[in-house]
Amino acid sequence: MPNKLLPVTTVGSYAWPGWFYLVMAAAERGEMGAQDIEEALNDAVEIALQDQIAAGVDYLTDGEMRRVDFIVSFPKRLGGIRELPVTRQLPPDGHDQRPKYAVEGELSCPEGLGIVEEFRYLRRRTSAPLKVAVPGPHTLAGRLVPDGKLYKTREEIAWALSAIVRCELEALVKVGADFIQLDEPSIACYKENLPVFISVFNETVRGIDAKIAVHLCFGNFRARPIGLRSYAPLFPDLLELKAQQFVLEFANRKMAEADLWQRFPNDRELAAGVVDVKNHIIEPVETLAERIRLLLKYVKPEKLSLVPDCGFSQTPRFLAFPKLRNLVQAAELVRAELHGA
């Protein structure tokens, strides 16, 4: 683990290179073989990796290049479900157009979620510190429609998925993952399920021998949120989560609630989003530095990490790289100020 103040990482996903969209479209048309697709995926991971290294990121990810739209590809690995027809296909694009699945039997995942293979590939490519993002059970459950029999509610589905996610976490630890982020944006958007969410989350990570982070955002599909953008109603209950780090978005909310750690004192780390991934502005280094300085009024330096608001999967690469590079430079600037003080 990097032993320095204000480490920088991404939330998980990175921007696709332009050619990758063409490759995926060709694959959908049946114009590529399995080996062709695997080569393209490996090349895309390599680009994400090299961009992060060039920017100076401290904890690297594979950019989630092998995944589709955050969690859309994971249900395809589950048994006991059937894909439902999309009810709205015309623009504008929205969250309601993402695939949903009817539950028709006991949920299973005989070959795992595929994240262990993603991590192994990345570990072979670099000896740098890594972070691996894993979809949380509550968020995964949001794509599945209860059958009213075996699973009557979303919460019952989440409990079933918890065992599947937990198996993936255990397997990740066995192959060397020591920093794992569970992505659970759903709970920030559907706050009424908080008590069950806390129980499901804590059971999922119970006994997992790794640093656990939890990513909570308000949605970013096509740069559109899906929830009322406030974390305060979740606190202090959210501090019952067995997570060492909270990954929260601030930049696109004009740094609203930057004082959360003062309003709700705690000993957790905060990975604060100070880069707005929803806009097409490359924030200057000094602008990002000011955001970091604001957070340091409320968070101890040794408890603060720096990230974009969310993943870069919805951001063009020509913007994602300079945004990330400027974040690293802003962290270096404020870090130098802290050491000088």
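Each chain carries its own residue numbering, running from 1 in the direction its sequence is written. Per-residue local features of the predicted model are confined to residues with pLDDT of at least 70, and side-chain atom pairs are confined, for both listing and counting, to 80 or more; whole-chain, interface and lining totals are unaffected and use all residues. Excluded from the side-chain calculations are hydrogens and water; all other atoms, namely the structure's heavy atoms, are used.

Chemist: Account for the overall build of the protein, with residues named and values stated.
Modeler: Numbering of helices and strands runs from the N terminus; a helix is a DSSP stretch of H or I covering at least four residues, while a strand is a stretch of E covering at least two. A count of helical and extended segments in the protein gives 10 helices and 9 strands. For the radius of gyration, the atoms used are the C-alpha atoms, and the globule rule reads 2.2 Å times the number of residues raised to 0.38. For 341 residues, the compact-globule estimate of 2.2 N^0.38 gives 20 Å, and the protein sits close to it at 19 Å. Principal axes of the C-alpha set define a box for the protein whose edges measure 60 × 45 × 45 Å. Whether two residues are in contact is decided by their heavy atoms: any pair within 4.5 Å suffices. Sequence-distant contacts in the protein: of pairs separated by 6 or more residues, those separated by 24 or more amount to 77%. Counting every atom, the protein has about 14700 Å² of accessible surface; 53% of that belongs to carbon and sulfur. Throughout, the Shrake-Rupley method with a 1.4 Å probe supplies accessible areas, and for residues the shown protein chains are the sole cover considered.

Chemist: I'd like a rundown of the sheet that holds strand E2 (residues 101-108), residues and numbers included.
Modeler: Spatially, 3 strands are ordered E1-E2-E4 in an open sheet, and the strand pairing comes out mixed. Whereas interior strands pair on both sides, the edge strands pair on one side only; in this sheet they are strand E1 (79-83) and strand E4 (144-145). Paired strands, in this sense, are two strands between which DSSP finds at least two bridges. Where E1 and E2 come together, 4 bridges link them in antiparallel fashion. Paired with arginine 82 across the two strands is alanine 102, which belongs to E2. Under this scheme, a helix contributes an axis fitted over its contacting stretch, all axes are lines through C-alpha atoms, and angles between N-to-C directions fall in the 0 to 180 degree range. Together, E2 and E4 form the strand contacts of helix H5 (residues 154-174), whose direction differs from that of E2 by roughly 50°.

Chemist: So what about empty space enclosed by the protein? Which residues, and what values?
Modeler: Any residue with an atom within 4 Å of a point lines the site, the site being either a cavity, points on a 1 Å grid over the protein atoms alone where a 1.4 Å probe fits but cannot get out, or a pocket, an open set with protein on both sides within 12 Å along at least 5 of 7 lines. Grid points are joined across faces, edges and corners, and a volume is the space filled by probe spheres set on the points. One pass over the structure, following the stated rule, counts 2 cavities of 30 Å³ or more. Approximately 90 Å³ is the volume attributed to the largest cavity. Around the largest cavity, the lining comprises 13 residues; the ones closest to its centre are Thr61, Asp62, Lys131, Val132 and Ala133. Listed by contribution, the elements that provide at least two residues to the lining of the largest cavity are helix H3 (115-125) and strand E3 (132-135). The element best represented in the lining of the largest cavity is H3, accounting for 4 residues. Class assignment for the residues of the lining of the largest cavity results in 6 nonpolar, 2 polar and 5 charged. Each pocket or cavity is described by its volume, and for the second largest cavity that value is around 40 Å³. Lining the second largest cavity are Pro7, Val8, Thr9, Tyr59, Phe179, Lys211, Gln245, Glu269 and Ser305. Put simply, Ala, Val, Leu, Ile, Met, Phe, Trp, Tyr, Cys and Pro go in the nonpolar bin, Asp, Glu, Lys and Arg in the charged bin, and everything else, Gly too, in the polar bin.

Chemist: Break down the packing of helix H2 (residues 34-55) against H3 for me, with residues and values.
Modeler: Where H2 contacts H3, the axes come no closer than 11 Å and their chain directions differ by 55°. By the criterion of interaxial angle, the relationship of H2 to H3 is oblique. Of the two elements, H2 crosses H3, and the hand of that crossing is right-handed. Residues Asn42, Val45, Glu46 and Leu49 of H2 pack against Tyr121, Leu122 and Arg125 of H3. When the residues that make up the contact of H2 with H3 are grouped by side-chain class, the tally is 4 nonpolar, 1 polar and 2 charged. The scheme is simple: roughly parallel for angles under 35 degrees, roughly antiparallel for over 145, roughly perpendicular for 65 to 115, oblique for anything else. When the near helix sits turned anticlockwise from the far one by under a right angle, the crossing is termed left-handed; a clockwise turn instead gives a right-handed crossing.

Chemist: Can you tell me about the packing of aromatic side chains, naming the residues and giving the values?
Modeler: In this analysis, rings of Phe, Tyr and Trp, with Trp reduced to its six-membered ring, are considered paired at centre separations within 6.5 Å, and the interplanar angle assigns stacked below 30 degrees, edge-to-face beyond 60, and tilted for intermediate values. Going through the model one piece at a time under the given rule, you end up with 12 aromatic pairs. Note on tryptophan 16 and tyrosine 21: the rings are 4.9 Å apart at their centroids and 55° apart in plane angle, and the pair reads as tilted. Throughout this description, buried means an accessible area under 20% of the type-specific maximum (1.4 Å probe, protein chains only), exposed means over 50%, and partly exposed covers the range between. By relative accessible area, which is 17% here, tryptophan 16 ends up buried. Ring centres of tyrosine 59 and phenylalanine 179 lie 5.1 Å apart, and the angle between their planes is 80°; on these two criteria the pair is classed as edge-to-face. One end of the pair, tyrosine 59, is in the loop between H2 and E1; the other, phenylalanine 179, is in strand E5 (residues 179-183), and 120 residues separate them in sequence. Note on tyrosine 59: relative accessible area 6%, which makes it buried. Chaining the aromatic ring pairs together yields one cluster made of Trp16, Trp19, Phe20 and Tyr21. In this analysis the charged atom, NZ for Lys or CZ for Arg, is taken to sit over a ring once it is within 6 Å of the ring centre and within 35 degrees of the ring normal. Stacked on the ring of tyrosine 121, the Lys or Arg arginine 66 has its end atom at 4.7 Å from the ring centre.

Chemist: Describe the layout of surface pockets, with residues and values.
Modeler: Remark: the empty space left among the atoms is shown by a probe the size of a water molecule rolled over them. There is about 1300 Å³ of room inside the largest pocket. Those elements giving two or more residues to the lining of the largest pocket turn out to be helix H1 (18-28), H2 and H3. When residues in the lining of the largest pocket are grouped by element, the largest group, 6 residues, is from H1. In the lining of the largest pocket, the residues fall into 18 nonpolar, 9 polar and 15 charged. Taken together, 39 residues line the second largest pocket, and the ones lying closest to its centre are Ile71, His95, Arg98, Arg143 and Ile226. Within the residue set of the lining of the second largest pocket, elements represented by two or more residues are helix H4 (137-141), E4, E5 and helix H6 (186-189). Tallied by class, residues from the lining of the second largest pocket come to 18 nonpolar, 14 polar and 7 charged.

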